[in-house]
Amino acid sequence: MSVPASDHTLNEILNLAAAHFKVPREKLSPDEDFFKTLGIDSLQALDLLTRLEHHFSIELPDYELQGVSDFRTLANRIQARL
Amino acid sequence: MNEFKGRTLSWQIVNGAIELALHRDPCNEIGSLTLEELEKFATALPLLANDAHALIIHSTLKAGFSAGADLRELFQRGQELDKAAALRGVREFLERIHSVMNALDAAPLTTIAAVHGVTFGGGFELALVCDIIVADRMARFCFPELRLGLIPGFGGIPRLKRDLGNAVVRDLLLTGRSFNVMKAQQIGLVSQIAAEGEALRIARATASQVGKFDGRTAAAAKEFMKPIPYAELKREIDIFCDLYSRPTVEEGLRRFVENEGPQPYLP
């Protein structure tokens, strides 16, 4: 079960991802596949996970990301740990 | 041989510290060639140790320290050989890598792993043989072997148990989850955290500090503080080989190798 993320949490994630992967922020949509939009693989996804954990000061087990490929669902998972 | 430039790793002595640099693309996967070159290093180590007070192991690759065993090679060997021959090959590989890991673990000088990025499986095991782990903020640790129907085979469980509380070891192994450097320091695995990209610099500073003290005293203290669990390490090889024979392992390896999606390293 996931907790709906606040707009603030979702925006922080989108901003962080855009800045780190050097993609224009407006290209990132909450509901699209971020592997495709960012052009990243699983090693880079783990890198993003580490940055998000540091940013939000949380621990997010990577098995919680199973099947997650859009920012909104990722934000819900993070919100549940805040 | 004070200097060596290989295809998967290189070493040189810098300011009294042996620096062993891993550089096999894409992420220092440990297969036959890396094993051969690690064996060369283990053979050279006693002589190198005469001219050094510390050993630093690090990676020059952006992706991380090491993603662990070369699963593609392991899968390929399983396809090319009959089951008995494949199993013999696996046991032989494990015995050889254990020999290298044990030599590093027992090295008569202070050993420091300077890690960043992906430090998974066999790569994590390589860091664990060192006396001190310096990790940068982007380091991520994992024992994902259960995802493949295996256990860590390069000495990970006995060494993890040596350093951490058993409850944490069970969580990490049974969930196969990866964890970041803050968690790693919290559980006592990592003793120093570096800013992103700074692990080697901090490892060098640590090596310099270590070099101020008498080497024989340090070696004696290390041997006392850090016993090598030889019996458990042998038992780990037996358990790994028992598990390897099962069909679930071939399927797990196939899924990893044939995964064309972006997510092979995620659970």
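Look up a bit, the structure's there.
This write-up is about the structure you can find in this document.

About the criteria used
Every chain is numbered on its own, with residues counted from 1 as its sequence reads. Chain labels run from A onward and ligand labels from 1 onward, assigned in the order the entries are written. Given that this is a predicted model, residues contribute local features only at a pLDDT of at least 70 and side-chain atom pairs are listed and counted only at 80 or more, while totals for whole chains, interfaces and linings are drawn from all residues. Helix numbering and strand numbering both begin at the N terminus, where a helix is a DSSP run of H or I of at least 4 residues and a strand a DSSP run of E of at least 2. Radius of gyration: over C-alpha atoms. The globule rule applied is 2.2 Å multiplied by the number of residues raised to the 0.38 power. Counting other C-beta atoms within 10 Å of a residue's own tells you its class, since 20 or more makes it buried, 12 or fewer makes it exposed, and anything in between is partly exposed; those C-beta atoms are placed from the backbone. Contacts are defined on C-beta atoms placed from the backbone: any two residues whose C-beta positions lie within 7 Å are in contact. We call two strands paired when DSSP finds no fewer than two bridges between them. All axes here are fitted lines through C-alpha atoms, helices being fitted over the stretch that makes contact, and every angle between N-to-C directions spans 0 to 180 degrees. Residue polarity follows a fixed list, in which Ala, Val, Leu, Ile, Met, Phe, Trp, Tyr, Cys and Pro are nonpolar, Asp, Glu, Lys and Arg are charged, and the others, Gly among them, are polar.

### Side note on the overall build of chain B
In terms of regular secondary structure, chain B is built from eleven helices and eleven strands. Here chain B has a C-alpha radius of gyration of 18 Å; the compact-globule value for 267 residues is 18 Å, and the two agree. Its C-alpha atoms give chain B principal-axis dimensions of about 55 × 35 × 35 Å. Every one of the 267 residues in chain B was classed for burial, and the buried ones make up 45%. When contacts within chain B are restricted to residue pairs at least 6 apart in sequence, those whose partners lie at least 24 apart make up 77%.

### Some remarks on the environment of G176 of chain B
Residue and element names in this part refer to chain B. Within the secondary structure, G176 is located in the loop between α6 (166-175) and β10 (179-180). On the basis of neighbour count, G176 is assigned to the partly exposed category, with 17 C-beta atoms found within 10 Å. For the pair G176 and A139, spaced 37 residues apart in sequence, the C-alpha to C-alpha distance is 16 Å.

### Concerning the sheet that holds strand β5 (residues 64-66) of chain B
Residues and elements named next belong to chain B. Pairing is mixed across the open sheet formed by four strands, whose spatial order is β5-β7-β9-β10. Each of the sheet's edge strands pairs with one partner strand only, and the pair in question is β5 and β10. Where strand β9 (residues 140-142) meets β10, two bridges bridge the pair, whose relative direction is antiparallel. Looking at β10, one finds that R140 is bridged to N180. Contacts between helix α4 (residues 121-128) and the sheet are confined to β5, β7 (118-120) and β9, with β7 contributing the most and set at about 90° to the helix.

### Details of the interface of chain A and chain B
Facing 17 residues of chain A, the contacting portion of chain B comprises 17 residues. In terms of residue count, helix α3 (residues 42-56) of chain A provides more of the side of chain A that touches chain B than any other element does, eight residues in total. Across the side of chain A that touches chain B, the residue classes tally to eight nonpolar, four polar and five charged.

### Comments concerning the sheet that holds strand β1 (residues 4-5) of chain B
Note on sheets: strands pair through backbone hydrogen bonds, and any given pair is parallel or antiparallel. Taken together, the seven strands give an open sheet; going across it, the order is β1-β2-β3-β4-β6-β8-β11 (chain B), and neighbouring strands pair in mixed fashion. Each edge of the open sheet is held by one strand with a lone partner, namely β1 and β11 (192-194) of chain B.

### Here we look at unusual backbone geometry
Following D25 of chain B, the chain continues into P26 of chain B via a peptide bond in cis, with omega recorded as 0°. Within the secondary structure layout, P26 of chain B lies in the loop between β3 (17-22) and α1 (32-49). Positive phi, normally seen in glycine, also occurs at K22 of chain A, with a value near 55°. On the secondary structure map, K22 of chain A appears in the loop between α1 (7-21) and α2 (34-38). Not every positive phi belongs to a glycine, and S57 of chain A is a case in point at roughly 55°. Among the residues examined, S57 of chain A registers 9 C-beta atoms within 10 Å and is labelled exposed.

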